[in-house]
Every structure is written in C-alpha cells, then in structure tokens.
Amino acid sequence: SNDPDDPEITVPITMHVAEVAVELTADDTEICLGETVNITSAMTGGSGTFTYTWTSDPVGFSSSEPSVTVTPEVTTTYFLSVFDGTITVEDNITIQVNPLPTVDLGADAIICLGDSVILDAGAGLADYLWNTGDTTQTITADVTGEFSVVVTNEFGC
C-alpha cells in the first residue's frame, strides 16, 4: 500500500513438507508352488501413526499388518496402501509362483530273474537324483527293491 499510515507487514512463513513413502521388499520374488514368502514394508517420513491396507491381484488377500507372510498358489501382485492421518502412499510387489515338476515311474513291476526293467523319470527336467545315486533320466532295475527319484525343473523346483 502507498498509504504511510498503512504499512505493509510481511510475516515469514516456514513450511515443512515431510516426504512420505512406503517401499515393499520380499525374501524372494520368485518361488515354487507351496513355498512361503515374507513381504516387508518400510516407511519413510509421515506421522508415525500408520494404517495399513493390503489387497492382491488375483483378489483374496487382505491384511492390516505392516509386513505379511504369504503362500500364493499363482503369480500374485500384492498392493499396500498406507495412510498416516493426512497422506496415503502406495506400493506393490509381484511374487512369481513357478510350478512343481511332475514325475510318474508307473505301476509296480514284477520281472523274472535275469530280466530288467527301465525306469524313466521323464524328459525335460533339469536334474534327476535316484535313490541308487544315479543322476540320469532313466535307470535299469534288475534286482528286487524299491526305486525312487527326486526331480528338479528349470525353475529349481
């Protein structure tokens, strides 16, 4: 104002804007079917009083905890929304679920003395470990006994 009786008064205003963010981390983002994974949230800034809301795609998961333990049956994205009383921040993380390998050695077999049978764990797997110590896709059985195999697919499952 130009009026000498009405001086301008300048009042300094200091504003502090606290940045608020949430970041999700997981033990592992790629698991085998049946495995469990821990997802942890880390807050930056905010009021310190947080309300946590978890959802998922596909739908079906919910929680109000800061960190969760999940056992997804299919590849799932987990969403976290955190409200600090003023601001809502969000993050998400996808957990890829890989299938387990399948193996079928067939029905029990009876063979005559001197004969043998080939046991086949199936093609296309990454690793084979028979109870005989063999590491091949097939073994030849020519003695009475029980035979088993542990197989691993390309995902390490």
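See the structure printed just above.
### Examining the state of the cysteines
(1) Moving on: Within this structure, the stated rule accounts for 1 disulfide.
(2) Moving on: Between C32 and C157 runs a disulfide, and the two sulfur atoms are separated by 2.0 Å. Residues C32 and C157 share a disulfide whose torsion about the S-S bond is about -95°; that sign makes it left-handed. Taken as a pair, C32 in strand β2 (residues 30-32) and C157 in the segment after β11 (149-152) lie far apart in primary sequence, 125 residues in all.
(3) Moving on: What makes C32 buried here is its relative accessible area of 10%.
(4) Moving on: On the basis of relative accessibility, which here comes to 12%, the residue C157 falls in the buried class.

### Quick notes on the side chain of D84
(1) Moving on: Within the secondary structure, D84 sits in the loop between β6 (76-83) and β7 (88-98).
(2) Moving on: The buried category is assigned to D84, whose relative accessible area is 9%.
(3) Moving on: A distance of 2.9 Å separates a polar side-chain atom of D84 from the backbone nitrogen of T86.
(4) Moving on: A distance of 2.8 Å separates a polar atom in the side chain of D84 from the backbone nitrogen of I87.
(5) Moving on: When sequence neighbours within four positions are dropped, the list of residues in contact with D84 reads V20, G46, S47, T49 and F50.

### Focus: the packing of aromatic side chains
(1) Moving on: Inspection of every chain in the model, using the stated rule, returns 2 aromatic pairs.
(2) Moving on: Judged by centre distance (6.2 Å) and plane angle (65°), the ring pair of F50 and Y52 falls under edge-to-face.
(3) Moving on: The exposure class of F50 is partly exposed, given its relative accessible area of 21%.
(4) Moving on: The class of Y52 is buried, set by a relative accessible area of 14%.
(5) Moving on: Note on F61 and Y78: the rings are 5.3 Å apart at their centroids and 85° apart in plane angle, and the pair reads as edge-to-face. One end of the pair, F61, is in the loop between β4 (51-57) and β5 (68-70); the other, Y78, is in strand β6, with 17 residues separating them in the sequence.

### Observations concerning the sheet that holds β7
(1) Moving on: With respect to topology, 4 strands assemble into an open sheet ordered β2-β7-β6-β4, the strand pairing being mixed. Edge positions in the sheet fall to β2 and β4, since each has one partner strand and no second. Averaged over all neighbouring strand pairs, the angle between strand axes comes to 25°, with direction disregarded.
(2) Moving on: Pairing of β6 with β7, which is carried by 8 bridges, proceeds in the antiparallel orientation. Opposite L80, over in β7, you have D91 as the bridge partner.

Conventions adopted
- Residues numbered from 1 in each chain as written.
- Predicted model: local features only at pLDDT ≥ 70, side-chain atom pairs only at ≥ 80, totals over all residues.
- Heavy atoms only, no water.
- Disulfide = S-S within 2.5 Å.
- Helix = DSSP H or I, 4+ residues; strand = E, 2+ residues; numbered from the N terminus.
- Buried < 20%, exposed > 50% of the residue type's maximum accessible area, 1.4 Å probe, protein only.
- Polar contact = N/O pair within 3.5 Å; in protein donor to acceptor, adjacent residues only side chain to side chain.
- Contact = heavy atoms within 4.5 Å.
- Phe/Tyr/Trp six-rings, centres within 6.5 Å; stacked < 30°, edge-to-face > 60°.
- Pairing = 2+ DSSP bridges.
- Axes fitted to C-alpha atoms, helices over the stretch in contact; angles between N-to-C directions.

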